Amino acid sequence: MSLLSIINASGWPMWPLILASMASMALIVERFISLAPSRVAPKKLLDEALLASKSGVPGADVVKHLENSSVFGSVLASGLRALHTNPTLSEADLRSAFEGAGRRAAHQLERFLPALATLASVAPLMGLFGTVVGMIEIFGAQTATGSANPATMAHGIAVALYTTAFGLVIAIPTLLFWRYFRSRVDGYLLQMETGTEDFARHLARFCKS
């Protein structure tokens, strides 16, 4: 049986599930692209930032390039920008600038993850709703004489079974991908936290005592 015939057999309760599956697929593809290592924390980025600021705070063009390179690069650049803005910056203020940039980076990395988690939770409920609609059709097929319309009963059974199965088909991979992305984001945040701490100690020598 083709997918189109299953959709036709399931009736209108299948359409919300189709929309949910499209949304889930779009979010998964978007997260794969946005959470690529080259976009978040390229290899040797910290080493390059340390080298660029070895003898002093680099120029604005270097800071801008670092900021646009990746998410981690924007966090590292926040400390350099703070020193550009205020050359007499204290170490406490420098760390505060890094913390603010880190929170913004974490929010950026976690973008759409709540939506994925919501879809994973809602899809089975949408399938259950289709099951209820199918059961209503089955009971509605009963007549006062006790006979039933076979076509109506068959359609009700199809709605109940197909929507339940489709809800699980959406929920299971969406949940797996959400857990994968959640673990990936946690790893990035730990890497960025430790790297930023090293960079903050490196820049502290340029701060006012």
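Before reading on, note that the structure itself is shown above.
Cut-offs used in this document
- Residues numbered from 1 in each chain as written.
- Predicted model: local features only at pLDDT ≥ 70, side-chain atom pairs only at ≥ 80, totals over all residues.
- Heavy atoms only, no water.
- Phe/Tyr/Trp six-rings, centres within 6.5 Å; stacked < 30°, edge-to-face > 60°.
- Helix = DSSP H or I, 4+ residues; strand = E, 2+ residues; numbered from the N terminus.
- Buried < 20%, exposed > 50% of the residue type's maximum accessible area, 1.4 Å probe, protein only.
- Polar contact = N/O pair within 3.5 Å; in protein donor to acceptor, adjacent residues only side chain to side chain.
- Contact = heavy atoms within 4.5 Å.
- Salt bridge = Lys/Arg side-chain N within 4 Å of Asp/Glu carboxyl O.

Visitor: Describe the packing of aromatic side chains, listing the residues and the values that go with them.
Guide: Scanning the entire structure with this criterion turns up seven aromatic pairs. Residues Phe98 and Phe199 carry aromatic rings whose centres are separated by 6.1 Å and whose planes lie at 70° to one another, so their mutual orientation is edge-to-face. With Phe98 in helix α7 (residues 91-109) and Phe199 in helix α9 (residues 150-203), the pair connects residues that are 101 residues apart, well separated along the chain. There is no split in this pair, since Phe98 and Phe199 are both buried. On the numbers, 5.4 Å between centres and 55° between planes, the contact of Tyr180 with Phe181 is tilted.

Visitor: Outline the side chain of Ser53, supporting the account with residue identities and numerical values.
Guide: Inspection of the secondary structure puts Ser53 in the loop between α4 (45-52) and α5 (60-69). What makes Ser53 buried here is its relative accessible area of 0%. At 2.9 Å, the side chain of Ser53 and the side chain of His202 are in polar contact. Among all residues touching Ser53, those that are not within four sequence positions of it are Pro58, Leu80, Phe199, His202, Leu203, Arg205 and Phe206.

Visitor: How would you sum up the pattern of salt bridges? Please name residues and give values.
Guide: Enumeration according to the criterion identifies eight salt bridges in this entry. Linking Asp198 and Arg201 is a salt bridge whose minimum nitrogen-to-oxygen distance equals 2.5 Å. Separated by three residues within a single helix, Asp198 and Arg201 lie in helix α9, roughly one turn from each other. The structure contains a network of salt bridges with shared partners spanning Glu91, Arg95, Glu197, Asp198 and Arg201.

Nothing here speaks to function; it is geometry throughout.
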